[in-house]
Amino acid sequence: MTDPRMSRRAVLRGAVGGLSIGLALPFMPSWAARLGAEEPGAGAPPPIRFAGFYQANGVPPDHWNLGYGEGPITELSQNLKSLAAIKDDVVVLRGFWHRETRGGDGHYFKESPWLTGTGITKTTGADLNSGGVSLDQILAQQVGFQTRLPSIELSCERVSSGVDTNVGVTRVYGGHISWSTPSTPVPRETDPYQAFQRLFEITPVRTGAKGITQLDEVNLIDVVSQHGRMVKNEVATDDKRKVDEYLDTVRDIEQRLKGEIQRAAKPRVMTPGQKAAIEQLKKDAQSYAGAYVRGDHTDLVTVMMDIMAMAFWTDNTRVGTLMYGNAVSGRNFSFLDGVNSSHHETSHHDESEGLKSQYSKIATWHADRFTQFVERLKGLPEGEGTTLLDHTIVLQGSGLGDGNRHSNRDLPLLLAGGKAAGIKGGRQVVSKGDDEPMCNVLKEVGERAGAQLKDFGDASGGLDRLGA
Amino acid sequence: MPHRLLAPLLILTAAFAPAAEDPFAEHIVPVLEDNCFDCHGGNKRKGGINFEHFTSGTQIVGNLELWETAMRMVAEHEMPPPDQAEMITEDRLAFVDHLTTALQQAYEQVPADPGHVVFHRLSRTEYNNTIRDLLGVDARPADTFPADGSGGGGFDNNAATLFMQPLLMEKMLRAADEVLAQADPKAYISTRPEGDDPAAAVRAAHQSLTDFATRAWRRPVDPKGREIRAMLRVYGDYAKREVPYEVGVRHLCKAILASPQFIYRWEPKQNSSKPYPVDHYSMASRLSYMLWASMPDAELLKLAAAEQLQDDAVIAKQVERMLADSKGHALYDQFVPQWVGTAALRDGGPDPGKFPEVESESFRNQPVVFFADLVQRNASILEFISSKQGLLGMPAIYAATSHANRTSPTIRGRWVAEVLLHAPPPPPPPNVPSLPEKTKEATGAQTVRERLVQHVEDPNCSGCHARIDPLGFALENYDPVGRWRDRWPEGAAIDHVVDLPGAKRIDGVEGVRALAMERKDAFARGFVERLLAYAIGRGLQSYDRQVVTGILQATGPEYKARDLIVQVALSYPFRYKRNRPVAR
């Protein structure tokens with residue numbers, strides 16, 4: 001287990017080894033504050049992106065799973081019918097599990113570590129520890145410096161407040177799958193307009209008024225950072241870790257400001273297609289500004305996914321996660337035909353037909369969203385006769401297999417895209433025995449997306465079967 | 001945490017039993033051997049618990065929670081579970097009685113410890129209110145910040161679960177720009193330059209920045225200190241470039257609002273290996289963030305400057321004054337919904353499509369309004385349970401303990417156990433399915449009640465569900481939004497007479513109310529524990545137990561609301577801190 005007190009910076013240093021930040025050139029200068037001047041795809045081949053979509057509360061295995069055969073997908077299950085539209089691009093993964101998430105409780109211990117594959121510390125908050133850095137954050141730390149934002153974290157459900165006294169665990173765990181250090185969950189954006197503005201409009205380099213330059217903003221951050229160092233000298237030892245968290249953050253912002261200034265000097269032009277798509281997205285996102293959707297959030301998911309697709313397409317980031325809902329999500333799905341209950345409630349159907357059919361419909365809805373995203377990426381041209389999907393590895397799944405039983409085995413996992421990273425779609429890949437760690441999948445995906453990983457969670461190796 | 005279900009009996013038996021040297025070894029170990037070792041002795045560790053290595057009362061100190069739970073479960077007939085041989089009454093009474101004494105002795109050995117609240121970032125609410133009081137701008141910029149999680153005592157002001165990350169920092173920088181642009185410049189510029197040479201501008205900026213930092217950082221700032229000097233170096237450059245005075249100063253005020261001295265509740269440490277009283281400015285902030293969720297006002301800062309905020313009478317008077325102020329509503333707004341669980345109605349609970357009332361603020365705010373009234377009247381918090389308009393009379397409570405489309409006797413019963421009776425059941429085993437699979441075939445057309453009977457029949461579940469489910473069933477006459485009903489949606493008549501373990505019969509809401517009143521001291525303890533956790537921003541530890549006892553004793557059996565708040569503000573952890581853990 002990594003020392004939870006290790007600073008993000010230290011984790012980053014460990015992860016990238018000798019790489020120095022800010023030197024390597026991206027395949028093209030990122031589109032920043034202005035719409036710049038270069039054909040996307042010109043120059044180096046497009047980079048590989050990673051998207052992780054998290055669905056809470058598991059699935060009904062007998063409605064989700066395809067059977068145990070390895071190889072081409074012949075018949076689709078009740079939940080996965082929509083995959084027919086993207087069958088050749090999909091790898092359905094079957095039988096993998098997170099060994100370290102056993103025990104603890106039924107949800108938080110299994111859902112929060114979806115992308116770390118580790119055991120979490122049982123706590124109401126004082127010693128929060130996910131046990132590891134999540135795959136997306138490792139990627140953000142290793143490849144993220146090349147883009148405007150190292151990663152984006154989105155969610156369609158707000159963090160639930162409080163301690164879950166049923167199990168004595170802070171709900172902070174349930175609201176986060178992205179961990180930049182074992183003790184630092186990465187906050188997610190739930191307002192699409194805020195997410196849009198952060199990606200496409202607002203830079204932290206805001207010159208407050210005339211006479212104040214971008215460089216002054218960098219100097220301002222430096223002043224703030226000096227204040228932080230002064231405080232650090234005057235707080236108790238236990239507090240220094242929190243001050244470090246602050247100082248890490250400030251340093252991060254400073255780096256980004258500098259990158260922004262560099263990029264602004266060499267702005268990039270969008271294709272007319274990109275411009276139009278961004279403008280449409282802005283309208284869509286704006287319609288949600290300041291609102292929180294409690295009921296039918298299908299359209300909200302579409303906008304959130306579009307934000308991720310556009311962020312990838314314009315190379316503003318290469319790493320993203322989206323949580324449809326939090327662990328133990330009580331999101332009400334009665335907007336679906338034949339459903340009148342909430343997600344978690346239906347997951348404990350106890351084989352009662354009424355509840356189980358609702359649970360199944362909710363699972364189908366999640367699979368449909370995956371298909372929708374994959375189709376969206378497939379519709380965005382990038383490179384020579386290829387699409388954004390060829391350069392994006394999309395992974396969707398849950399940390400629970402059978403939600404009714406709180407099982408951490410046979411986890412539902414869908415993977416798509418990544419042809420340019422050598423991934424061969426159109427088939428099911430089955431675990432070796434019922435003991436193969438999901439971390440093998442994560443390690444393989446991480447490496448194909450550009451990370452250097454010595455080991456990952458409880459991975460026993462990679463999963464070269466994902467390749468052709 | 002314990003409560004005294006059997007308190008009257010205990011007093012009787014204790015009167016006849018001579019005090020033993022080690023009551024644990026003499027009286028408790030034999031009961032454990034006879035009743036518990038089948039599952040919790042030898043190589044058996046059911047639920048991860050094995051009692052065999054406990055041989056002396058001295059071992060309790062390090063395992064207070066375990067023994068508190070053991071005592072409660074035995075006292076309430078949760079253990080031994082129904083599928084095991086019944087513990088004879090004599091054993092049960094002896095166990096509870098002597099364990100009470102042993103726990104008491106153990107708690108006396110726990111050294112007084114104010115605990116440590118880590119460097120405390122302002123929560124979203126605290127940020128909004130502080131900006132409002134500092135700049136006179138009620139823009140609520142933090143509403144766009146990522147939602148704060150929560151931990152410790154279950155509140156979103158829990159210091160350990162308030163993180164800093166780039167997304168938040170970006171938004172704070174943006175918020176600082178926006179609120180400064182909206183504010184009257186007088187709110188942050190105290191001094192204007194006389195004359196127009198750069199040196200005059202630097203002098204004026206020096207004064208303005210010192211004044212604003214002092215207010216924003218909620219404690220005196222040395223005008224010659226490094227913090228100010230760092231900003232003046234930058235301002236000197238602005239002056240040379242002839243950046244307008246107001247523009248330059250405002251930009252540095254942005255730095256003041258982005259500094260940790262503003263974003264965090266900074267309490268400078270004193271060099272001491274022992275606990276020490278916090279400085280007076282820290283006290284000013286502790287009081288203001290507890291009661292107003294905002295920065296201290298001029299009066300508090302004046303008292304801090306006069307070093308009067310560690311004086312009991314002054315603290316008590318300030319609490320009264322602050323509660324009377326309209327800002328005092330922050331305490332009710334923040335504390336109550338997170339305490340009773342109505343905060344969850346914001347995102348979950350009954351489907352607003354079907355039950356539109358849950359969207360209404362007046363519906364959700366019932367517990368808040370009730371508490372505000374108690375504090376204003378300095379009335380007993382027991383009205384929460386005894387009054388017809390109390391928690392059991394509030395539709396919001398029934399909504400907060402329901403699913404999207406139906407009630408849940410388990411959730412509701414658990415709420416009663418936790419909030420009213422202060423006897424939360426332990427967590428269910430991690431990998432247990434919701435209900436055992438063998439019952440699959442039979443579940444189709446059963447009523448909720450018939451289905452839940454399975455909880456009680458399955459030995460894995462019965463320990464707790466035999467106690468919590470009936471409490472929920474007694475309240476089944478209230479639908480998901482608290483409307484009275486005589487029948488379940490399936491049509492069957494609701495039977496609200498239920499039996500609790502130990503042959504205790506409860507009849508409907510009146511029965512639950514009477515049960516809660518029988519154990520009113522436990523309710524009060526639960527309330528004070530939560531209030532203290534909210535006030536200090538951390539979860540409670542075993543060393544806080546004596547503090548809670550002290551607060552309860554100081555207010556007496558009436559438990560008047562305002563008196564309790566005053567006592568919390570006077571308590572040891574509220575006024576002290578330490579750098580290192582207290583030696584055991």
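Residues numbered from 1 in each chain as written. Chains lettered and ligands numbered in written order. Predicted model: local features only at pLDDT ≥ 70, side-chain atom pairs only at ≥ 80, totals over all residues. Heavy atoms only, no water.

Enquirer: Which residues make up the overall build of chain B, and what are the values?
Expert: Secondary structure summary: chain B contains 27 helices and six strands in total. By the burial criterion, 60% of the 584 residues in chain B qualify as buried. Contacts spanning at least 24 positions in sequence make up 70% of the contacts within chain B whose residues lie at least 6 apart. Side chains of chain B give 66 positive and 75 negative charges; the mean places of these two sets differ by 5 Å. (Helix = DSSP H or I, 4+ residues; strand = E, 2+ residues; numbered from the N terminus. Buried < 20%, exposed > 50% of the residue type's maximum accessible area, 1.4 Å probe, protein only. Contact = heavy atoms within 4.5 Å. Lys, Arg positive; Asp, Glu negative; His and termini not counted. Charge placed at Lys NZ, Arg CZ, Asp CG, Glu CD.)

Enquirer: So, the overall build of chain A: which residues are in play, and what are the values?
Expert: Check the secondary structure of chain A and you find twelve helices and twelve strands. In chain A, which comprises 468 residues, the proportion classed as buried is 65%. For chain A, restricting intrachain contacts to residue pairs at least 6 apart in sequence, the fraction spanning at least 24 positions comes to 74%. Element-wise, carbon and sulfur atoms account for 50% of the exposed surface of chain A, whose accessible area totals about 15400 Å². (Areas by Shrake-Rupley, 256 points an atom, 1.4 Å probe, with all protein chains shown as cover.)

Enquirer: Please give an account of the confidence of the model for chain B that cites residues and values.
Expert: Residue and element names in this part refer to chain B. In this model, chain B carries a mean pLDDT of 88, and residues with pLDDT of at least 70 account for 90%. Low pLDDT, under 50, characterises residues 1–18; the stretch is placed with 32 contacts to residues that sit more than four places away or in other chains. Predicted confidence for residues 435–445 stays below pLDDT 50, and this span has 14 contacts to residues more than four positions away or in other chains. Both scores are given for the predicted complex: the pTM is 0.88, the ipTM 0.87. (pLDDT = per-residue confidence, 0-100.)

Enquirer: Break down the state of the cysteines for me, with residues and values.
Expert: All names here are of chain B. Evaluated as defined, the whole model comprises zero disulfides over all chains. Lacking any disulfide linkage, Cys36 is separated from the closest cysteine sulfur, that of Cys39, by 8.7 Å. Cys36 sits in the buried class, given a relative accessible area of 13%. (Disulfide = S-S within 2.5 Å.)

Enquirer: Go over the pairing of strand β9 (residues 319–323) of chain A, please, and point to the residues and values.
Expert: Residue and element names in this part refer to chain A. The element β9 is largely enclosed, with a buried count of five among its five residues. The side-chain alternation of β9 yields two buried faces, one formed by Val319, Thr321 and Met323 and the other by Gly320 and Leu322. Where strand β1 (residues 49–54) and β9 come together, five bridges link them in parallel fashion. Looking at the pairing, Phe50 lines up with Val319 of β9. Examined bridge by bridge, strand β4 (residues 152–155) and β9 share four bridges and lie parallel to one another. Each residue of the ladder has a partner; that of Glu153, found in β9, is Thr321. (Pairing = 2+ DSSP bridges.)

Enquirer: So what's going on with the pattern of salt bridges? Residues and values would help.
Expert: The full count for this structure, using the stated rule, is 58 salt bridges over all chains. For the salt bridge of A:Arg158 with B:Asp347, the shortest nitrogen-to-oxygen distance reads 2.6 Å. With A:Arg158 in the loop between β4 and β5 (163–164) and B:Asp347 in the loop between α15 (329–340) and α16 (361–364), the pair connects residues from two separate chains. One salt bridge in this structure joins B:Arg241 and B:Asp237, with 2.9 Å as the shortest N-O distance. A relative accessible area of 36% means that B:Arg241 is categorised as partly exposed. Given a relative accessible area of 30%, B:Asp237 falls into the partly exposed group. (Salt bridge = Lys/Arg side-chain N within 4 Å of Asp/Glu carboxyl O.)

Enquirer: How would you summarise the interface of chain B and chain A if you had to cite specific residues and measurements?
Expert: Bring the parts together and some accessible area is lost; that lost area is often taken as the interface size. Tallying the contact residues gives 88 residues for chain B and 85 residues for chain A. Between chain B and chain A, the buried area comes to about 7300 Å², and carbon and sulfur atoms account for 54% of it. When the buried area of chain B at its contact with chain A is split by residue, B:Phe163, B:Gln165 and B:Arg174 rank highest and sum to 9% of it. Where chain B packs against chain A, one counts seven salt bridges. One salt bridge connects A:Arg198 with B:Glu170, and the closest N-O pair in it is separated by 2.6 Å. Put simply, chain B and chain A have 35 residue pairs in polar contact (both at pLDDT 80 or more) between them. Looking at the side of chain B that touches chain A, the elements with two or more residues in it are α7 (166–182), α9 (226–240), α10 (245–258), α11 (260–263), α20 (409–420) and α21 (448–457) of chain B. Of all the elements, α7(B) adds the most residues to the side of chain B that touches chain A, at nine residues. (Buried area = accessible area lost by both parts, 1.4 Å probe. Polar contact = N/O pair within 3.5 Å; in protein donor to acceptor, adjacent residues only side chain to side chain.)

Enquirer: Pulling in residues and values, what's your account of α7(B)?
Expert: Count 3.6 residues to each turn of an α-helix, and residues three or four apart come out pointing the same way. Helix length check: α7(B) (17 residues) gives 24 Å between terminal C-alpha atoms against 24 Å at 1.5 Å per residue, within 8%. Within α7(B), 14 of the 17 residues are buried, leaving the element largely enclosed by the surrounding structure. (Expected span 1.5 Å × (residues − 1).)

Enquirer: Can you break down the sheet that holds strand β10 (residues 392–397) of chain A residue by residue, with the values?
Expert: All names here are of chain A. Read across the open sheet, the eight strands follow the order β2-β12-β3-β11-β10-β1-β9-β4; overall the sheet is mixed. The open sheet has two free edges, formed respectively by β2 (71–72) and β4, since each of these has just one partner strand. Of the strand pairs in this sheet, β10 and strand β11 (residues 413–417) are connected by five bridges, and their pairing is antiparallel. Bridge assignment links Ile393 to a residue of β11, and that residue is Gly417. The sheet contacts of helix α4 (residues 135–143) involve β1, β4 and β9, and relative to β9 the element is tilted by about 155°. (Axes fitted to C-alpha atoms, helices over the stretch in contact; angles between N-to-C directions.)

Enquirer: Go over the side chain of B:Arg92, please, and point to the residues and values.
Expert: With respect to the helices, strands and loops of the structure, B:Arg92 is situated in helix α5 (residues 89–109). What makes B:Arg92 buried here is its relative accessible area of 4%.

Enquirer: So what's going on with the packing of helix α24 (residues 520–536) of chain B against helix α26 (residues 561–570) of chain B? Residues and values would help.
Expert: All names here are of chain B. At a closest axis distance of 10 Å, the pairing of α24 and α26 adopts a crossing angle of 50°. The angle between the axes of α24 and α26 places the two elements in the oblique class. For the crossing formed where α24 meets α26, the hand is right-handed. Where α24 approaches α26, its residues Phe527, Val528, Leu531, Leu532 and Ala535 are matched on the opposing element by Leu564, Ile565 and Val568. For the contact of α24 with α26, a count of residues per class yields eight nonpolar, no polar and no charged. (Parallel < 35°, antiparallel > 145°, perpendicular 65-115°, else oblique. Left-handed = near helix turned anticlockwise from the far one by under 90°. Nonpolar A, V, L, I, M, F, W, Y, C, P; charged D, E, K, R; others polar.)

Enquirer: Got a sec to walk through the nonpolar core? Specific residues and values, please.
Expert: Counting residues in each nonpolar core, the largest one holds 84 residues, and the members touching the most others are B:Trp339, B:Phe371 and B:Leu420. Here the element with the most residues in this core is α24(B); it accounts for nine residues. Excluding residues that lie within four positions of it along the chain, B:Trp339 makes contacts with B:Phe155, B:Phe384, B:Leu391, B:Val419, B:Phe523, B:Phe527 and B:Arg530. A:Ile212, A:Val223, B:Leu173 and B:Ala187 belong to the second largest nonpolar core, which has 68 residues in total. (Core = buried A, V, L, I, M, F, W, Y, C linked by side-chain atoms within 4.5 Å.)

Enquirer: Residue-level account of the pairing of strand β3 (residues 90–94) of chain A, with values.
Expert: Two faces, one strand: in a regular strand the side chains alternate between the faces of the sheet. All names here are of chain A. The buried count for β3 comes to five of five residues, which makes it a mostly enclosed element. Side-chain alternation along β3 places Val90, Val92 and Arg94 on one buried face and Val91 and Leu93 on a second face that is also buried. Where β3 and β11 come together, four bridges link them in antiparallel fashion. Its bridge partner being in β11, Val91 is matched across the sheet by Leu415. Across four bridges, β3 lies against strand β12 (residues 427–430) in parallel orientation. Bridge pairing links Val91 to Arg427 in β12.

Enquirer: Before we move on, can you summarise the environment of B:Asp373 with the specific residues and values?
Expert: Structurally, the position occupied by B:Asp373 is in helix α17 (residues 366–377). B:Asp373 sits in the partly exposed class, given a relative accessible area of 32%.

Enquirer: How would you sum up the packing of α9(B) against α10(B)? Please name residues and give values.
Expert: Residues and elements named next belong to chain B. The geometry of α9 relative to α10 is characterised by a closest axis approach of 10 Å and an angle of 155° between their N-to-C directions. Classified by the angle their axes make, α9 and α10 are roughly antiparallel. Helix-helix and strand crossings are classified by hand; for α9 and α10 the assignment is right-handed. Of α10, the residues touching α9 (which contributes Met231, Val234, Tyr235 and Tyr238) are Tyr245, Gly248, Val249, His251, Leu252 and Ile256. For the contact of α9 with α10, the residue count by class is eight nonpolar, two polar and no charged.

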